[in-house]
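Examining the three-dimensional arrangement
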Amino acid sequence: MIDLIPLEKVIKENPRVEELEKQGYIIKPEKIDSYLEDFKGRTTTLPNKEYWNEKIVLITGISGFAGSHLAEQLLDLGCEVHGTIRRHAVPMYENIEHLRGNIFLHEADITSAERILSIFEEIQPNAVFHLAAESFVPTSFREPVRVTHNNIIGTIKLFEAARRFNSGLESLQVACSSEQYGLVDPREVPVTEDLKKNPFRPRSVYGISKCATEQIAWLYHNSYGVPSIISRGFNHEGPRRGIQFVTSVIHRQIVEILENKRDKFVIGNPNAIRDFTHVKDTVNAYIILSEKKKFGEPFNVCSGKGITVADYVKLAKKIYNIDADVFIDPQRMRPSEVPLLIGLNDKIFSETGWKPVRSIVEIIKEGVEYFQAHPEMLGIEAH
Ligand code: GDP
């Protein structure tokens, strides 16, 4: 039995966070109404249907969380949607089950250049979205070599295929990550794309793999003219989010408490601050950056507001009128943590008009609804 620690013993006051809150960068559950006010009537640039209609698109990692949402949006835009999936003895199509018959799947290991090139030659894609990667940070503490191989070698193989294919490819978007910024100096928040102001200080092999992913995309653009699109995605959440990620940990526990299957929350580091964006807004940014041909330079894709993990739980409790206590499981603390990530989205907004239009409350409600509809994903300990 693990000794759980009451939340109050682990919570840390942080004067810089208080300052950031005064400056409007932090979401507080007590002031959620004024935060939500900001979303009323908010609009964003949407993809141009004429541009996307009948385009042939390839999504690596289509059966993943972001991949499945991206596939939905591209289908709505009239694209012919193809995706790569890894072979599993028992197929893992849960996330794309509802798209059956509307998308084309190609079994491929992203680290196989021959296979990727043969898919390029067969389908002749106009746009590629590269999402196939190990995405859970703790996996990279436990299996650093495998994560390096998948994420870095996989990206090189994809770009090699794109370089050789060289016909009709209008964009190749790569999902880079806020984890590249890593151990951000609190005085340097909110984080911009400018590495002189916000250098990369990755805190995990995952973060390193995403720095490399970005540099590969940059290199192949500058050396070989591959039309690379570099998005630095901050945390994106919503339905179908993998069960180990913190929002899903909390959403599942909400459902279990509502169904009287548990009586307390158990989480890891409550002091970590993240900038959460709804996955539908995030994939919309990927599409818009590709359509607007923003080649070879990075764009933060983020909401511009942060919240502590403890306050995320508090907000979720408030929405569902739950009164359960919160405990910390020391086994969920990471050997090396990224304590504070809040991005600035001014660049993508000024160059494309993209803004997130879905609030953190929608993330919570849709995340919880998803697990209410998927009881088979409850009651599993995964971290
Ligand atoms: P990440 O930002 O890509 O690592 O996304 P995660 O959702 O895995 O973690 C976000 C933050 O939540 C990290 O700082 C974690 O340490 C923190 N956290 C707190 N409790 C948990 C938990 O139970 N599971 C996970 N995955 N993260 C937690």
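Everything quoted here is computed from the prediction, not taken from an experiment.

Another point: the packing of helix α8 (residues 144-165) against helix α9 (residues 205-224). Interaxial distance between α8 and α9 falls to 9 Å at its minimum, and their mutual angle equals 15°. One element, α8, and the other, α9, form an angle in the roughly parallel class. Relative to α9, α8 is oriented so that their crossing is right-handed. Here α8 contributes Pro144, Val147, Thr148, Asn151, Ile152, Thr155, Ile156, Phe159, Glu160 and Arg163 to the contact with α9, which in turn contributes Val205, Tyr206, Ser209, Lys210, Ala212, Thr213, Ile216, Ala217, Tyr220 and Tyr224.

What follows covers the sheet that holds strand β3 (residues 80-85). Strand order in the open sheet made by the seven strands is β4-β3-β2-β5-β6-β7-β12, with parallel pairing throughout. Since the sheet does not close on itself, it has two edges, and those belong to β4 (103-107) and β12 (298-301), each with one partner. Each strand axis lies, on average, 20° off the axis of its neighbour in the sheet, ignoring direction. Sheet topology note: the strand β7 (residues 228-233)/β12 ladder contains four bridges and is parallel. Within β12, the position partnered with arginine 232 by the bridge is asparagine 300. In this fold helix α5 (residues 65-76) packs onto β2 (56-60), β3, β4 and β5 (127-130), with an angle of close to 170° to the strand it touches most, β2.

We now examine the domain arrangement of the chain. What the domain assignment lists for the chain is domain 1 (5-42 + 238-275 + 305-339 + 358-377) and domain 2 (49-236 + 279-301). The gap between the C-alpha centroids of domain 1 and domain 2 is 27 Å. On the domain 2 side, the residues contacting the 23 residues of domain 1 number 26 residues. Of the roughly 2,200 Å² buried at the junction of domain 1 and domain 2 (both faces included), carbon and sulfur atoms supply 52%. For the pair domain 1 and domain 2, the number of links is three salt bridges. A salt bridge links arginine 358 to aspartate 281; the shortest N-O distance between them is 2.6 Å. Where the side of domain 1 that touches domain 2 is concerned, the elements lending two or more residues are α2 (15-22) and α14 (360-373).

Glancing now at the side chain of threonine 308. Tracing the sequence through the fold places threonine 308 in strand β13 (residues 307-308). Looking at threonine 308, its side chain comes within polar contact range of the main-chain nitrogen of aspartate 311, at 2.9 Å.

Its boundaries defined by the atoms lining it, the second largest pocket holds a volume of some 580 Å³. Around the second largest pocket, the lining is made up of 23 residues, and of these Lys12, Asn14, Val17, Asn271 and Thr308 lie nearest the centre. Of all the elements in the fold, those that place two or more residues in the lining of the second largest pocket are α2 and α12 (309-320). Among the residues forming the lining of the second largest pocket, the class breakdown is 12 nonpolar, four polar and seven charged.

Our focus in this paragraph is the pattern of salt bridges. Here the idea is simple: oppositely charged side chains can pair when their charged atoms come close. Under the counting rule described, the total for this entry stands at 30 salt bridges. Among the ionic pairs, glutamate 214 bridges to arginine 232, the shortest N-O distance being 2.7 Å. Within this pair, whereas glutamate 214 is found in helix α9, its partner arginine 232 is found in strand β7, the two being separated by 18 residues in sequence. Here aspartate 263 ties to lysine 264 by a salt bridge, and the two come within 3.6 Å at their closest N and O atoms. For lysine 264, a relative accessible area of 28% corresponds to the partly exposed category.

Reading guide: rules and limits
Residues numbered from 1 in each chain as written. Predicted model: local features only at pLDDT ≥ 70, side-chain atom pairs only at ≥ 80, totals over all residues. Heavy atoms only, no water. Axes fitted to C-alpha atoms, helices over the stretch in contact; angles between N-to-C directions. Helix = DSSP H or I, 4+ residues; strand = E, 2+ residues; numbered from the N terminus. Parallel < 35°, antiparallel > 145°, perpendicular 65-115°, else oblique. Left-handed = near helix turned anticlockwise from the far one by under 90°. Contact = heavy atoms within 4.5 Å. Pairing = 2+ DSSP bridges. Domains from an automatic or database assignment. Buried area = accessible area lost by both parts, 1.4 Å probe. Salt bridge = Lys/Arg side-chain N within 4 Å of Asp/Glu carboxyl O. Polar contact = N/O pair within 3.5 Å; in protein donor to acceptor, adjacent residues only side chain to side chain. 1 Å grid on protein atoms, 1.4 Å probe; cavity = no way out; pocket = protein on both sides within 12 Å on 5 of 7 lines; lining within 4 Å. Points joined across faces, edges and corners; volume = space filled by probe spheres on them. Nonpolar A, V, L, I, M, F, W, Y, C, P; charged D, E, K, R; others polar. Buried < 20%, exposed > 50% of the residue type's maximum accessible area, 1.4 Å probe, protein only.

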